[in-house]
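Overview (structure and organization)
Residues per chain, in single letters:
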Amino acid sequence: MVVPRLAALFWQRGGARQRATLALTAAGVAASVVLALLALSVGPALSTRGDHVAWRTAVAVDADQATAVQRTTADRFGDRQITRVDLAPTGRGTPPVPPGLRAFPAPGVVWLSPALAALVAEQPHEVLADRYPGEVVGEIGPIGLAHPDDLVVVVGRPAGSLASSIDAQSRYAAPTSDGVAVPIAGFARHGLTSELELYRTLARMAAVLLVVPTFLLVGAAARLTAAQREQRLAVLRLAGATPGSVVGLTALEILGAALLGTVVGLVGYVAAVPVAAHVPLAGGAFAAEDLRLGAGWLLATLAFVPVAAAGSAVAALRKVVVGPLGVSRAVGRRRPSLLRFLVVPVAWVAFVSSARTMRDGGSTLGALAGLGAVIATLAVIGPWVAWALGATLARLARRPATLIAGRRIVADPRAAYRTVSGMVLAGLVAGFLFAVVPTLRAADLGDGGTAEVAVQLPQDQGAAVRAAVRAADPGSRLVLSDRSGGDPALAAGEVQGYVEASSPAQLDRARTAVLAAAPGALASSYDNGLTYALLLDDLGRASVVMALATLVMASAAIAISTSASILDQRTTLARLRLVGTPVSVLQRARRWQTLLPLVFASSGAMASGVVAGVVMLLAFAVAPERIAEPAVGQLVLLALAAVVAGALVVAATRPLLVATSRSSPRG
Amino acid sequence: MSAATLPPPPAGTWTSAPTTAIRRPRPASASGPAVLVGRDLHRSFGATTALAGVTLAIGRGEAVAAMGPSGSGKSTLLHCLAGIEPPDRGEVWLGPDRIDHLDERRRTAVRRRRFGFVFQSGHLLPELPAVENVALPLMLEGHPRRRAVAEARRWFAPLGIDGLEHRLPGELSGGQAQRVTIARALVTTPAVVFADEPTAALDRTTGREVVALLVQAARTSGAGLLVVTHDPEVAEACDRSVLLRDGALAAPAAPTPAGRR
Ligand SMILES: Nc1ncnc2c1ncn2[C@@H]1O[C@H](COP(=O)(O)OP(=O)(O)OP(=O)(O)O)[C@@H](O)[C@H]1O
Ligand SMILES: [Mg+2]
């Protein structure tokens with residue numbers, strides 16, 4: 001095999017610059033392996049979490065087979081969600097043991113999660129502890145908890161005390177609804193709540209979005225290493241080496257660098273897991289062992305990433321045909337066709353219709369594919385936009401630098417676009433997130449300022465409870481509907497109502513008073529807003545990480561691409577300097593050549609992201625008038641950051657330009 | 001150079017000029033006072049001595065051919081005279097100004113303003129149409145683009161490349177590209193044009209046509225010309241030729257064409 005021998009030769013003789021490129025490639029691969037694996041491991045960790053909380057969702061069985069009755073209620077303290085599970089035996093058979101408990105709770109017995117036990121201990125009893133009348137006999141183990149901060153209470157109830165609503169239950173469409181007593185014979189061990197499923201989907205999307213810039217980086221690196229050895233390869237070509245061996249050689253080097261990067265990334269991932277586990281997601285931190293991906297995943301990464309990197313290197317080199325007289329880079333007039341724009345309406349129609357299908361119950365995957373198609377259009381029309389920008393710049397140019405920059409973009413709009421394509425992706429992601437998050441934040445799904453809790457209790461206890469509430473806090477009152485029955489969820493003799501309080505803190509006391517006065521009562525405050533606020537916080541954190549990570553990757557890709565183009569043009573640059581062109585003109589031309597497409601591509605991508613985000617929101621049946629204004633300020637900041645990053649990269653590669661253009665005019 | 005002093009338009013069409021007319025030897029006196037003088041130039045690369053004390057003067061409008069075996073220091077001499085690389089010892093005078101000890105930035109400016117260059121190939125910007133390549137030196141000097149392009153355009157017809165203004169260099173033949181390069185070298189009315197084997201990449205006939213054009217164009221615009229060449233016939237087209245051997249002038253500067261090897 002000639003390729004490995006050539007590779008060994010070049011590695012020995014390879015310049016420091018070439019090794020720096022490969023080191024940069026390895027570092028980029030390592031960083032994205034760490035980030036992508038962390039994003040991916042959120043999936044299994046969430047599944048584990050889903051399994052741990054599955055038991056709280058009652059699985060209904062026929063009443064005559066039931067051994068127990070389960071009623072799960074969303075309770076609340078301050079702005080924290082508490083899951084309360086009431087369990088009563090039916091008297092038939094042996095009731096099942098809930099995960100995390102040592103035994104089925106006897107009547108009058110209370111099990112608390114460690115975090116709730118701590119909370120109860122630090123609050124006055126009339127604020128919290130009185131809600132759970134009975135003897136605390138143990139702590140719920142981790143197998144029954146989502147995370148260490150999970151607030152859960154299991155209350156043992158006397159046989160028959162929850163039976164009252166069994167009949168009501170049978171008439172109920174959704175047997176697992178909050179606050180409904182359900183006849184059960186066991187506990188689910190597996191399951192994923194819709195909330196966790198949403199998290200998992202988002203995490204997977206993030207992993208993909210983190211991996212794509214890596215391949216852009218790798219492609220750029222392949223071009224750079226090819227450019228660096230163009231001359232030596234040309235000599236080899238004269239001596240009879242084939243173009244295939246040239247491509248093979250570069251691919252092999254990239255493979256080596258990517259393999260190194262992957263190994264470093266895997267080690268980094270293993271090291272990062274214990275730290276990353278502390279980052280709260282969906283309300284709590286993870287156990288490090290849940291976050292750790294299996295060996296299968298790691299092996300697959302080790303196999304897939306280097307091969308995919310080498311593949312993208314080959315794809316990047318496909319058009320760079322190395323002839324015996326050097327890499328042929330005939331400059332032509334490759335004006336991209338306007339027909340390219342046809343894909344735009346097609347992709348958007350596909351996206352909008354798939355989003356609409358999703359709203360009507362269709363698959364999320366379809367909508368994601370539509371979103372992918374919209375993203376792909378940017379790669380199709382990007383070169384045309386670059387061409388148009390270059391042509392305009394060249395037409396309007398009055399100074400040599402802008403003229404050169406414009407003509408260079410026109411000569412190879414694809415390369416101009418490719419250089420900034422990482423930023424396009426970053427802009428798209430940022431535009432999407434910064435369009436969606438403000439609307440989500442503005443949407444008030446929680447109870448917001450109104451302090452209220454829904455109650456349901458036997459009618460004959462109404463007066464006592466009303467007095468207890470007023471005793472707990474004069475500003476609070478219990479309002480009961482005057483007729484009993486009517487609602488299918490109500491058992492005979494029960495009434496519904498609500499507690500009003502002047503503040504959330506008073507409400508917590510009032511709620512405690514209700515439950516202390518009427519142990520059989522139901523005080524539910526299922527609040528979408530709480531889960532939702534968590535999701536938003538997580539989303540906010542994740543989008544900052546994503547934006548920064550893609551920005552850094554994209555900047556590295558620009559650095560590599562512009563270095564490659566300097567080396568590609570080394571002869572021309574040296575001659576230009578020789579005939580008296582100041583370096584400042586060449587440098588200014590590079591700045592225009594990079595920053596002009598960058599500004600337009602990233603802002604265009606952001607705009608597309610914003611529109612896509614709005615389409616997604618509409619698809620989720622958000623009324624148009626409730627769609628909040630996108631976070632334009634943040635987007636402008638991010639665009640500025642992208643431009644600054646691009647400018648810094650161009651400035652940082654100036655020494656390469658100076659060195660290259662000063663190179664010997666001979667040869 | 002200010003916008004008011006654009007170079008004079010090249011006169012006539014030179015492509016049709018018969019070779020015999022170009023071969024006509026000119027008397028040394030016609031060369032006028034020396035515009036560029038290199039005095040006792042030394043240059044070595046490690047143990048290799050590329051120039052060992054060369055003195056050479058180029059007159060206004062004079063065409064000088066530098067010949068000599070490979071490795072004899074022709075290119076090094078040209079680079080030292082043109083301010084591309086400084087000599088280790090010796091002086092280079094451009095008119096009343098000494099230029100060899102200037103810093104790189106100033107030498108770059110001198111090259112841009114006072115010199116023109118024609119090399120083997122590859123120093124046109126591949127992305128720029130021919131006319132913009134020619135206009136670029138004027139634009140670098142601060143001329144408005146419109147005027148620079150208009151001025152550049154005027155060089156195309158006399159050089160026989162009329163109609164190729166908007167071709168990219170990659171779309172030109174080697175000979176056409178060299179003609180564009182000549183236009184580019186002369187558009188700023190330089191004091192001296194340097195040409196290092198300008199015909200090496202061309203076939204014999206085309207090469208001679210191009211050199212004939214170069215000599216005549218330089219002469220017409222009053223520029224001195226130094227041509228490094230291996231082709232005796234090219235040397236014959238010049239006013240005189242010098243022969244380098246091992247970094248030194250083997251023969252004194254002669255007003256007659258060098259003999260064939
Ligand atoms: N950058 C350099 N580093 C080391 N040696 C050099 C360098 N440039 C030139 N030389 C040496 O200086 C001597 C003169 O070189 P120069 O290029 O001037 O020769 P030349 O007459 O132009 O030859 P040719 O006709 O082959 O172009 C040669 O021996 C060459 O090896
Ligand atoms: Mg030479």
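Reading the values: rules and limits
Residues numbered from 1 in each chain as written. Chains lettered and ligands numbered in written order. Predicted model: local features only at pLDDT ≥ 70, side-chain atom pairs only at ≥ 80, totals over all residues. Heavy atoms only, no water. pLDDT = per-residue confidence, 0-100. Helix = DSSP H or I, 4+ residues; strand = E, 2+ residues; numbered from the N terminus. Contact = heavy atoms within 4.5 Å. Pairing = 2+ DSSP bridges. Axes fitted to C-alpha atoms, helices over the stretch in contact; angles between N-to-C directions. Phe/Tyr/Trp six-rings, centres within 6.5 Å; stacked < 30°, edge-to-face > 60°. Buried < 20%, exposed > 50% of the residue type's maximum accessible area, 1.4 Å probe, protein only. Lys NZ or Arg CZ within 6 Å of the ring centre and 35° of its normal. Salt bridge = Lys/Arg side-chain N within 4 Å of Asp/Glu carboxyl O.

This brings us to the confidence of the model for chain A. Residue and element names in this part refer to chain A. Mean pLDDT over chain A works out to 79, with 84% of the residues at or above the 70 mark. Strand S8 (residues 326-327) is the least confidently modelled element of chain A, averaging 42 in pLDDT, while strand S3 (residues 109-112) averages 93, the highest of any element. Every residue in residues 166-176 scores below 50 in pLDDT, and together they form 19 contacts with partners more than four places removed in sequence or on other chains.

Residues and elements named next belong to chain B. The strand order across the open sheet formed by four strands is S2-S1-S4-S5, and the pairing between neighbours is antiparallel. Looking at which strands have only one partner, the edges of the open sheet turn out to be strand S2 (48-59) and strand S5 (97-98). Bridge count for strand S1 (residues 34-45) against strand S4 (residues 89-94) is five bridges, and the pairing is antiparallel. Across the sheet, Arg39 pairs through a bridge with Glu91, a residue of S4. Helix-sheet contacts for helix H2 (residues 74-81) involve S1, S2 and S4, and the interaxial angle to S1 is about 125 degrees.

Right, let's get into the packing of aromatic side chains. With the rule as written, the count across this model stands at seven aromatic pairs over all chains. Aromatic pair Phe115 of chain B and Phe194 of chain B: ring centres 4.9 Å apart, planes at 85 degrees, arrangement edge-to-face. Of this pair, Phe115 of chain B sits in strand S6 (residues 115-118) while Phe194 of chain B sits in strand S7 (residues 192-196), and the two are 79 residues apart along the sequence. By the burial criterion, Phe115 of chain B is buried, and Phe194 of chain B matches it. A centroid spacing of 5.7 Å and a plane angle of 25 degrees characterise the contact between Phe117 of chain B and Phe194 of chain B, whose relative ring orientation is stacked. Here Phe117 of chain B is found in strand S6, whereas its partner Phe194 of chain B is found in strand S7, with 77 residues between them in sequence. Taken together through their ring pairs, the aromatic side chains of Phe115, Phe117, Phe119 and Phe194 of chain B make up a single cluster. The ring of Phe286 of chain A has Arg49 of chain A sitting right over it, with the charged end atom 4.1 Å from the ring centre.

Before going further, it helps to examine the sheet that holds strand S2 (residues 80-89) of chain A. All names here are of chain A. Pairing in this open sheet of six strands is mixed, and the strands run S4-S3-S5-S2-S1-S6 from one edge to the other. Two strands lie at the open edges of the sheet, namely strand S4 (135-139) and strand S6 (181-184), each paired on one side alone. Ignoring strand direction, the axes of neighbouring strands in this sheet form an average angle of 25 degrees. As paired strands, strand S1 (residues 68-77) and S6 are joined by four bridges and run antiparallel to one another. Looking at the pairing, Val69 lines up with Pro183 of S6. Strands in contact with helix H3 (residues 114-122) are S1, S2, S3, S4 and strand S5 (152-156); relative to S3, the strand with the most contacts, it is inclined by about 110 degrees.

All told, the structure shown has 28 salt bridges over all chains when counted by the stated rule. Ionic pairing is found between Asp75 of chain A and Arg131 of chain A, a salt bridge with its closest N-O pair at 3.1 Å. You can see Asp75 of chain A sitting in strand S1 and its partner Arg131 of chain A sitting in the loop between H3 and S4, a full 56 residues away along the chain. Among the salt bridges present, the one from Arg98 of chain B reaches Asp100 of chain B, with a minimum N-O distance of 2.9 Å. Overall, the relative accessible area of 10% leaves Asp100 of chain B in the buried class. A single network of salt bridges, built from pairs that share partners, joins Asp75, Arg131, Asp508 and Arg511 of chain A.

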